[in-house]
Amino acid sequence: MPQIAAFREACEGRTGEFLGSPEALHAWSVDSYRDFWGAFLDWSGLAWEGSATEVCTDDDIERAVFFPGVRLNYAENLLRPLPGVDDDAPALTSLHASPGGVEQFSRRELRGAVARTAAVLGRLGIDVGDRVAVIAPNHARAVSVSLAVAARGATLSTVTPDMGPTALIGRLEQVEPVLLLVDRTQMPDSADGGLLATLLAALPSVRQLVVLDDLPLPELPDVAVDRLSRLEAEVAEPATETWPRLPFNQPLWVMFSSGTTGPPKAMVHGAGGSLIEHVKEHRLHGDLTPDDVLYFHTTTAWMMWNWQLSALAVGAHVVLYDGPIAGPETLWRLVADQGVTVFGTSPPYLQLCQDAGYRPAAEVDLGRLRAVLSTGAVLHDWQFDWVAREVGPVPLQSVSGGTDIIGCFVLGHPERPVERGWCQSIGLGLDVAALDDEGRPVLDEVGELVCRRPFPSRPLCFLRDPDGSRFHDAYFADHAGLWTHGDLITIGRDGGARMHGRSDGVLNISGIRIGPAEIYRILRAMPEVLDSMAVEQLVGSDSRLLLLVVLRPGAVFDDQLAARIRARLRTEGSAAHVPQVVVPVDELPTTHNGKRSERAARDAVNGAPVRNLAALKNPGSLDAIRDAVRAAAERTAEAPAGEPDSADRVTAAVSLVFRDVLGVSSIDHTANFFDLGGTSRQSMTILRRLRNELRRPVPVDTFLAAPTVEGLAEALRRPAVGGSRFPVLKAGEASEAPLYLVHGVYGDVDGYRGLCEHLDTRATVYGIEGSLIDPSGRAKTIEEIAAENVAELSSFQPTGPVRLAGFSFGGLVAFEMARQLAEAGRTPEHLALLDVRPPKGSLTRFENLLRKASTLIALFIPAFHDRTLGQAIRDRFRKSATPSDRQALRGGVVVYDEYRWQRYEGPVTYFRARVRLPVIMCMLFAWRRAAPNLRVVGVPGEHDDLLDAHHAQRLAERMSEALRA
């Protein structure tokens, strides 16, 4: 029984009301919100003291104060021993991308670590009400120091070390911290301390700097500097872990808005409001228990970091990761390796996986995963389909709320089904409505998201807002008495909701929210730029950051200026602030009262009707913007295929791919890809294109080490181990006949790497890479692909025995290669076919009829379901992102089924995946006609998951036996 059902029963017993459906429970939770929040505080078992008789002081959201008589401590509630929970079981696991491995803490160990740090803070004079800032990646040390600050009753703000000085100062100068705790390991200038010096010069309130890392201590004038590990060594083991219980609304977090119209708003959130909202979401909406392992991909600067931290209060095991996403497999491997049960991610990451053709359930073991959460951007309908198909039958829960409420307005629900494109429910206790343009509540229509009744996680106030006017204007000016959130929402009659993105000026680029005001502040320092405006440009199902710039008289716009603008934004802001497109314009749209209209520019850029046209003083500027954006697109489209000054063919090819992916007409070969506005997803596209077009794989680490045209070209000019088309997949002895694994339809051999890890053979295992498409764009035949491979193999290994193997498409190529080698008098010692379907062109009329019959059985009898190669390729085609991929997939099915085999007398082992169709329909008798010396070995799995991690080991064992024989 989910926890929400137990809570419902408790509420029914408490009120005497029947709350037998999700809709009834939600209606009661908002109509009687005081009863709801009082009941939840009692039922939750949180540690507190005082009186909860008065739940809320006012019905006005702006003035309401929750639980004025309750006292608690946030850190105590996260770390205290819990009934029925093993205090020595893992509670926090911290994974490091850099050297350092894995750190793991039990609740007891984490509580002890926090107590030691809290004792150090006490020695440094940190007490109730002091403000502290932490600059650190998402790792265990950031958690322990943050909870130590909370334990002392101080107020905390966390940010990431990779932010530039402008972004950091814009936030922390409002906090006015007395203590700064810093981990410099991911700071861009950790060696010389320049960023710290700049930061501290702008933060005169800081009395002490404490470093969390092991780098040499910086020498900074006027600020005491020490190392936390040294300070902790001086503290005796704390005799007690008792921390003060403070008022429910004691300031705990200072969070920051995205800065749409000015400096980021510094929002102060209370300890009690944050805790009770998070525990409600974790237990009632997420059904999170001590048996769960939670990983949410976040940074210390995003409210989801605070949200995941509160999962410790319910006894869940929290996993952290402080590294980058190197590819689509990064987070899914983490989920599998750590046994994650609830995985939090974002639509852009899911889209990255889909675009790359990555199939998580086929690649890693997701047996423990029970839910996927997504937030940060609108989750599209097709992404629900992709998760259902490629991840498995787990609910995909679209959640949305924000930093403003340090929680979610819409979430999952353990008793409601998931509908593609929709959030399952509105949060309990949150009276959310959609208002039309007239301010009237509507159902099944897009409207402005508002909340009509008080809720405890509302911010307490803004910093530097003594009269509360900024706070009022941010949330209550548009609709009197209602919280206006700034999102567009559709609320269904059944209680579900659908999000439609931001209604204000906050940019939401591929799921990352960006405050344009930060961009403007950075660009003001550039002498060439008079004014600028950042807008979100829709590109297919995604979006990108487009920057309009007005130049000062005499300044000239060219690619070099655009590169300097991007580099400045990356250095002073972050990678998220770098525009993909920079467009010069003469003026920006402004209203009659002089306010700039980002909404009008956004509509113009995206070809949408401009809703506030009458309010503009210079509506003609919009036509000029449309023309300028169109001209920029045309310049990119007309970019030359090569560059006359290119040093060689490799440099020219890399330059062309960079330009195509970034959408620019020319490029500085020494410019950093990410300074040019490149994203992680685009970097994956570059590597795939280069692999297909130059027949050279490029590891992600190689690209990240030198992400420039020059650096990547230099890496591609180096000789590849094993020859350019023959990467070594497993090293072995020269005395053994090598084994060659033949590429699939994409031309790569990446899919074999898991298999090779488990192969027990002394032979060297090579991959054979290739391409289905010739230079003219025509799909090569199986015979042509095999002939090219044979020629390359004969050059690479002119003499000596060889062994071949291939999966699916690669198996058919391997078969034809073996036949051609035998014809030349060099029959392979062994040929392994890994579940290779006979091609239609090689079957008799009767066999093709039998094949069609098996397809009908698979369609109408689910127990016999087994996707064919053609179906698998068509699925990949629908997800393909690059032209070369599309070409390969378009021709893959055709050339496969057009192949007409000839008899091959050599030894063949056919590894048949376990299928549920009758054996006769596996068409092995057809293979025996072509390969009379065929031996069949059954292996676990089905066609689509044969090479996956959970089957690769068993397949490798059977292959190893065959190789030894």
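Each chain carries its own residue numbering, running from 1 in the written order of its sequence. With pLDDT at 70 or above as the cut-off, local features in this predicted model cover only qualifying residues; side-chain atom pairs require 80 or more to be listed or tallied, and sums for whole chains, interfaces and linings still use all residues. Only hydrogens and water are set aside when side-chain values are computed; all heavy atoms of the structure are taken into account.

Overview of the overall build of the chain
Strands here are runs of E lasting at least two residues and helices are runs of H or I lasting at least four, both read from the DSSP assignment and numbered beginning at the N terminus. In terms of regular secondary structure, the chain is built from 32 helices and 38 strands. The classification of residues rests on relative accessible area computed with a 1.4 Å probe and restricted to protein chains. Under 20% of the type maximum is buried, over 50% is exposed, and intermediate values are partly exposed. For the chain, buried positions account for 60% of its 965 residues. Throughout, a contact is declared for two residues whenever any of their heavy atoms are within 4.5 Å. The contacts of the chain with a sequence gap of at least 6 include a subset with a gap of at least 24, amounting to 71%. Where accessible areas are quoted, they stem from the Shrake-Rupley method and a 1.4 Å probe; at the residue level, only the protein chains shown are allowed to cover. Accessible area of the chain: about 37500 Å², with a carbon and sulfur share of 52%.

As for the packing of helix H1 (residues 3–15) against helix H3 (residues 33–44)
Helix-helix packing: each pair is described by the crossing angle between the helix axes and the interaxial distance. Direction vectors running N to C along H1 and H3 enclose 115°, while the axes themselves pass 11 Å from each other. The handedness of the crossing between H1 and H3 comes out as right-handed. Between H1 and H3, the residues in contact are Gln3, Ala6, Phe7, Ala10, Cys11 and Arg14 and Phe36, Gly38, Ala39, Phe40, Asp42 and Trp43, respectively. Considered class by class, the residues forming the contact of H1 with H3 number eight nonpolar, two polar and two charged. Inter-axis angles, ranging from 0 to 180 degrees, are taken between N-to-C directions of lines fitted to C-alpha atoms, where helices are fitted over the stretch in contact. Crossings are assigned a handedness: left-handed for a near helix turned anticlockwise from the far helix by less than a right angle, right-handed for a clockwise turn. Residue classes follow a fixed rule: Ala, Val, Leu, Ile, Met, Phe, Trp, Tyr, Cys and Pro count as nonpolar, while Asp, Glu, Lys and Arg count as charged, and any other residue, Gly among them, counts as polar.

Looking at the environment of Arg689
Mapped onto the secondary structure, Arg689 falls in helix H22 (residues 680–694). The buried category is assigned to Arg689, whose relative accessible area is 12%. Taking the C-alpha atoms as reference, Arg689 lies 9.9 Å from Ala653; in sequence the two are 36 residues apart.

Considering the nonpolar core
Take the buried residues of types Ala, Val, Leu, Ile, Met, Phe, Trp, Tyr and Cys, join any two whose side-chain atoms come within 4.5 Å, and each joined set is a nonpolar core. Core analysis: the largest hydrophobic core is formed by 87 residues, its most contacted members being Phe67, Tyr74, Leu78, Leu147 and Leu309. Among the elements that take part in this core, helix H6 (residues 140–152) stands out by supplying nine residues, more than any other. Counting residues in each nonpolar core, the second largest holds 41 residues, with Phe809, Leu821, Tyr910 and Trp927 among its members.

A closer look at the side chain of Asp835
Within the secondary structure layout, Asp835 lies in the loop between strand S36 (830–834) and helix H28 (845–860). Asp and Glu are treated as the negative residues and Lys and Arg as the positive ones, with His and the ends of the chain left uncounted. Salt bridges are counted wherever a side-chain nitrogen of Lys or Arg sits within 4 Å of a carboxyl oxygen of Asp or Glu. It turns out Asp835 is buried and unbridged, and the closest side chain with the opposite charge, Arg912, is 6.8 Å from it. Residues within four places of Asp835 in sequence aside, it is in contact with Phe807, Ser808, Tyr910, Phe911, Arg912, Ala913, His943 and Leu946.

Some words on the sheet that holds strand S1 (residues 49–50)
Between any two strands, at least two bridges found by DSSP are needed for them to pair. Reading across the sheet, the three strands line up as S1-S2-S10 and stay open at both edges, with antiparallel pairing between neighbours. Two strands in the sheet have a free side with no partner beyond their single neighbour: S1 and strand S10 (246–247). Sheet analysis places strand S2 (residues 70–72) next to S10, joined by two bridges and oriented antiparallel. Its bridge partner being in S10, Arg71 is matched across the sheet by Pro247.

What to know about the sheet that holds strand S23 (residues 446–451)
Strand order in the open sheet formed by five strands is S22-S21-S23-S25-S26, and the pairing between neighbours is antiparallel. Each edge of the open sheet carries a strand with a single partner, namely strand S22 (441–442) and strand S26 (497–502). Judged from the four bridges that link them, strand S21 (residues 432–435) and S23 form a sheet pairing that is antiparallel. Following the sheet pairing, Ala434 is matched in S23 by Leu449.

Focus: helix H2 (residues 22–31)
Inspection of H2 places Pro22, Leu25, His26, Trp28, Ser29 and Val30 among the buried residues, and these make up the whole buried set. In this structure, the buried side of H2 is in contact with H1, H3 and strand S20 (425–426).

Here's the deal with the packing of aromatic side chains
Two aromatic rings from Phe, Tyr or Trp, using only the six-membered ring of Trp, form a pair when their centres are within 6.5 Å; if the ring planes differ by under 30 degrees the pair is stacked, by over 60 it is edge-to-face, and anything between is tilted. A complete count under the given rule lists 38 aromatic pairs for this structure. Taking the centre distance of 5.5 Å and the plane angle of 80° together, the rings of Phe455 and Trp483 count as edge-to-face. A residue pair is termed long-range when its members are at least 10 positions apart, and Phe455 in the loop between S23 and strand S24 (461–462) and Trp483 in strand S25 (residues 483–491) qualify at 28 residues. Comparing Phe455 with Trp483 shows no difference in burial state: the two are buried. Here Phe809 and Tyr896 contribute two aromatic rings whose centre-to-centre distance is 6.1 Å and whose plane-to-plane angle is 40°, an arrangement assigned as tilted. On the criterion of sequence distance, the pair formed by Phe809 in helix H27 (residues 809–823) and Tyr896 in helix H30 (residues 883–898) is long-range, its members being 87 residues apart. You can call Phe809 buried: its relative accessible area is 3%.

Here we look at the pattern of salt bridges
Applying the stated criterion across every chain, the model contains 42 salt bridges. Two residues, Arg420 and Asp381, come together in a salt bridge whose shortest N-O distance is 3.7 Å. Taken together, the residues Arg420 in the loop between strand S19 (407–411) and S20 and Asp381 in helix H15 (residues 381–390) connect sequence positions 39 residues apart. Its salt-bridge partner being Asp623, residue Arg626 comes within 2.7 Å of it at the nearest N-O pair.

Considering the confidence of the model for the chain
Averaged over the chain, the pLDDT score is 86; the fraction of residues at 70 or greater is 87%. Segment residues 859–882: pLDDT under 50, and 53 contacts once partners within four positions in sequence are set aside and those in other chains are kept. How sure the predictor is of each residue is captured by pLDDT, a score from 0 to 100. Low confidence marks residues 916–921, where pLDDT is under 50. Its contacts with residues over four positions away, or in another chain, come to 13 contacts.

Describing the state of the cysteines
Disulfides are defined in this document as cysteine sulfur pairs within 2.5 Å. Evaluation of the coordinates by the stated rule reveals zero disulfides. Not part of a disulfide, Cys423 finds its nearest cysteine sulfur in Cys408, a span of 9.5 Å.

Comments concerning helix H19 (residues 598–605)
Of all the eight residues making up H19, seven are buried; the element is thus mostly covered by neighbouring parts of the structure. Taken together, the buried positions of H19 are Glu598, Ala600, Ala601, Arg602, Asp603, Ala604 and Val605. Two residues or fewer past H19, Gly607 is found with a positive phi of approximately 70°.

With respect to the packing of helix H7 (residues 165–175) against helix H8 (residues 194–201)
At a minimum axis separation of 10 Å, H7 and H8 run at an interaxial angle of 30°. You can see that H7 and H8 cross each other, and the crossing is right-handed. Residues Pro165, Leu168, Ile169 and Leu172 of H7 form the contact with H8, whose own contacting residues are Leu195, Thr198 and Leu199.

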